[in-house]
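Below are the chains, spelled out letter by letter.
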Amino acid sequence: MTTKPVDAEAAQERLRRWRLVLGGDQADGTGCALSGPDAAMDGALTALYGKGAAPRTGRERAGGLGASAPAVARWLGDIRTYFPSSVVQVMQRDAIDRLGLATLLLEPEMLEAVEADVHLVGTLLSLHHAMPDRTRETARAVVRKVVEDLERRLADRTRATLTGALDRGARVSRPRHHDIDWDRTIAANLKHYLPEYRTVVPERLIGHGRASRGLKKDVVLCVDQSGSMAASVVYASVFSAVLASLRSISTRLVVFDTAVADLTDRLDDPVDVLFGTRLGGGTDINRALAYCQSQITRPTETVVVLISDLYEGGLRNEMLKRVAAMQAAGVRFVTLLALSDEGAPAYDREHATALAELGAPAFACTPELFPEVMAAAIEKRALPIPEAG
């Protein structure tokens, strides 16, 4: 039996990639030297993932960015040159976490150099109260760019999904002629098809109710603004503004830590909403739900969405009693452990189990799934809970 010769070019490419991963020196075992763009790419990786000036072994890098704003600005330019946007965003987050670069983001020049994403917005919001005046406008511009990108991606689908759910909820059985939903009417009367006349004689008409011109649903988003929920706060602010743009939904946005803030009057601009939050601090879910409960005037037409990792610093039993009381009054209660692309964060499993026993299962939700979750809640049907991965 003969074996295929090893492709020398593919083998060299594998060595090159391992060399970039391992960081060089004899101990990495590759014997591969880098030059040109590869050497520059390796330098960018070394600056972030190195270990100071200590001697390197095969899995250790030397170097670093220190606290030099010019060096960081050059490094940000380098990584945008050599890596795709998704990788750049990961490296920026690692730089903030590993090298303590958050304070450098208070400089306008640094903000202009970074690749903006949801996580960067979260970092900026946590630094908001420490920002010098000369940085605030630049920070708002960065946040606005991310928010507008999210709105372009999410708004149309959200409006279409929820409008459909609201229309289905308003269907009536004795509609006026111009309100008849012909597709559903025909489907419901197919058994009355008369082949000799090649037509359906409808026994029951289905149509859209004229209530669509008024308010159909009240939605309350109650969002935990503790530091671990930063991405969820960003997405919740964008979705709140989208929901508020639907005339048939009355939307209220409440954010909380140990205090409660109602940001409903800012919903015409999600950037104002975000700068009205203050990431960090403790958590008092019970207090937040008490406020939300006090604002409910039409419980059978209300959906309350709690977005929290459920680490309650307040009165646990009172929190659960409030959820039970709202549901008993007819409120549809939804619990999201996160509203982000990252999946479920660390969360209080005991509280999640208790809420599930009350009929409010807690699960993480991606931004793409959120419109479907809201549509199901509005129509009072089973929620599309993703399978645990």
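Refer to the preceding data block for the structure.
Residues numbered from 1 in each chain as written. Predicted model: local features only at pLDDT ≥ 70, side-chain atom pairs only at ≥ 80, totals over all residues. Heavy atoms only, no water.

K.L.:
Before we move on, can you summarise the overall build of the protein chain with the specific residues and values?
P.N.:
Secondary structure assignment for the protein chain yields 14 helices and 10 strands. Buried positions account for 45% of the 389 residues belonging to the protein chain. Within the structure as shown, the protein chain displays about 19700 Å² of accessible surface, and the carbon and sulfur contribution to it stands at 52%. (Helix = DSSP H or I, 4+ residues; strand = E, 2+ residues; numbered from the N terminus. Buried < 20%, exposed > 50% of the residue type's maximum accessible area, 1.4 Å probe, protein only. Areas by Shrake-Rupley, 256 points an atom, 1.4 Å probe, with all protein chains shown as cover.)

K.L.:
So what's going on with the packing of aromatic side chains? Residues and values would help.
P.N.:
Evaluation of the coordinates by the stated rule reveals one aromatic pair. Where Phe239 meets Phe370, the ring centres are 4.5 Å apart and the plane angle is 40°; that geometry is what we call tilted. Separated by 131 residues along the polypeptide, Phe239 in helix α9 (residues 230-244) and Phe370 in helix α14 (residues 370-379) bring together distant segments of the chain. (Phe/Tyr/Trp six-rings, centres within 6.5 Å; stacked < 30°, edge-to-face > 60°.)

K.L.:
Give me the sheet that holds strand β6 (residues 249-256): which residues, what numbers.
P.N.:
Reading across from one edge, β7-β6-β5-β8-β9-β10 is the order of the six strands in this open sheet, with mixed pairing throughout. The sheet terminates laterally at β7 (260-262) and β10 (362-365), the two strands that pair on one side only. Sheet twist, expressed as the mean angle between neighbouring strand axes with direction ignored, is 25°. Note: strand β9 (residues 332-339) against β10, four bridges, orientation parallel. By the bridge assignment, Leu336 is partnered in β10 with Phe363. (Pairing = 2+ DSSP bridges. Axes fitted to C-alpha atoms, helices over the stretch in contact; angles between N-to-C directions.)

K.L.:
Give a detailed account of the side chain of Lys217, specifying residues and quantitative values.
P.N.:
Within the secondary structure layout, Lys217 lies in strand β5 (residues 217-224). Owing to a relative accessible area of 9%, Lys217 belongs among the buried residues under this scheme. Within the structure, the side chain of Lys217 is placed 3.2 Å from the side chain of Glu301, a separation counted as a polar contact. Those residues within four positions of Lys217 in sequence are excluded, and the remaining contacts are Leu166, Ser248, Ile249, Ser250, Arg298, Thr300, Glu301, Ile378 and Lys380. (Polar contact = N/O pair within 3.5 Å; in protein donor to acceptor, adjacent residues only side chain to side chain. Contact = heavy atoms within 4.5 Å.)

K.L.:
Could you give an account of the pattern of salt bridges, naming the residues involved and the relevant values?
P.N.:
Summed over the entire model, instances satisfying the criterion amount to 16 salt bridges. A salt bridge links Arg153 to Glu368; the shortest N-O distance between them is 2.3 Å. Here Arg153 is found in helix α7 (residues 133-169), whereas its partner Glu368 is found in the loop between β10 and α14, with 215 residues between them in sequence. Glu368 gets classed as partly exposed once you look at its relative accessible area, which sits at 34%. A salt bridge links Arg157 to Glu372, with the nearest nitrogen and oxygen atoms 3.5 Å apart. Of this pair, Arg157 sits in helix α7 while Glu372 sits in helix α14, and the two are 215 residues apart along the sequence. (Salt bridge = Lys/Arg side-chain N within 4 Å of Asp/Glu carboxyl O.)

K.L.:
How would you explain the pairing of β5 if you had to name every residue and give the values?
P.N.:
Extensive coverage of β5 is indicated by the burial of eight of its eight residues. Here β5 shows a buried face lined by Lys217, Val219, Leu221 and Val223 and a second buried face lined by Asp218, Val220, Cys222 and Asp224. For β5 and β6, the ladder comprises eight bridges, and the chain directions are parallel. Bridging across to β6, Leu221 finds its partner in Leu253. In terms of strand pairing, β5 meets strand β8 (residues 302-307) through six bridges, oriented parallel. From the neighbouring strand, Val220 faces β8, where its bridge partner is Val304.

K.L.:
Describe helix α4 (residues 85-99), naming the residues involved and giving the relevant values.
P.N.:
End to end, α4 covers 20 Å across 15 residues, agreeing with the expected 21 Å (1.5 Å per residue, within 8%). Of the positions making up α4, those classed as buried are Val88, Met91, Gln92, Ala95 and Ile96. Taken around the axis of α4, the buried residues stretch over an arc of 140°, which confines them to a single face. In α4, the exposed positions angled more than 90 degrees off the buried face are occupied by Ser86 and Asp97. (Expected span 1.5 Å × (residues − 1). Arc of directions from axis to C-beta.)

K.L.:
Could you give an account of the environment of Gln12, naming the residues involved and the relevant values?
P.N.:
Relative to the assigned elements, Gln12 resides in helix α1 (residues 8-22). Along the sequence, Gln12 and Cys32 sit 20 residues apart, while their C-alpha atoms lie 8.5 Å from each other.

K.L.:
I'd like to hear about a nonpolar patch on the surface, residue by residue, with values.
P.N.:
Taken together, the side chains of Trp182, Ile186 and Leu190 present a nonpolar region at the surface, about 310 Å² in accessible area. Within the secondary structure layout, Trp182 lies in helix α8 (residues 182-188). (Patch = residues over 30% accessible without salt bridge, like charges linked within 9 Å, V, L, I, M, F, W, Y side chains within 5 Å.)

K.L.:
Tell me about the packing of helix α12 (residues 316-328) against helix α13 (residues 349-357), and name the residues and values.
P.N.:
What describes two packed helices is the angle between their axes and the distance between those same axes. Where α12 meets α13, the axes come as close as 10 Å, and the angle between the chain directions of the two elements is 30°. It follows from the interaxial angle that α12 and α13 lie roughly parallel. For the crossing formed where α12 meets α13, the hand is right-handed. When α12 is examined against α13, the residues Arg316, Met319, Leu320 and Val323 are found in contact with a partner set consisting of Glu350, His351, Ala354 and Leu355. Residue composition of the contact of α12 with α13, by class: five nonpolar, one polar and two charged. (Parallel < 35°, antiparallel > 145°, perpendicular 65-115°, else oblique. Left-handed = near helix turned anticlockwise from the far one by under 90°. Nonpolar A, V, L, I, M, F, W, Y, C, P; charged D, E, K, R; others polar.)

K.L.:
How would you summarise helix α6 (residues 118-127) if you had to cite specific residues and measurements?
P.N.:
Counting buried residues along α6, eight of its 10 residues qualify, which places the element largely inside the surrounding structure. When α6 is considered as a whole, its buried residues turn out to be Val118, Leu120, Val121, Gly122, Thr123, Leu124, Leu125 and Leu127.

K.L.:
Residues and numbers for the pairing of β8, please.
P.N.:
The element β8 is extensively covered by neighbouring structure, given that six of its six residues are classed as buried. A two-sided burial pattern is seen for β8, the buried positions comprising Thr302, Val304 and Leu306 on one face and Val303, Val305 and Ile307 on the other. As defined by bridge partners, β8 adjoins β9 across five bridges and the pair is classed as parallel. Across the sheet, Leu306 pairs through a bridge with Thr335, a residue of β9. Since β8 and β9 lie parallel, the crossover through α12 that links them has a hand, and here it is right-handed. (Right-handed = clockwise from strand over helix to strand, strands pointing away.)

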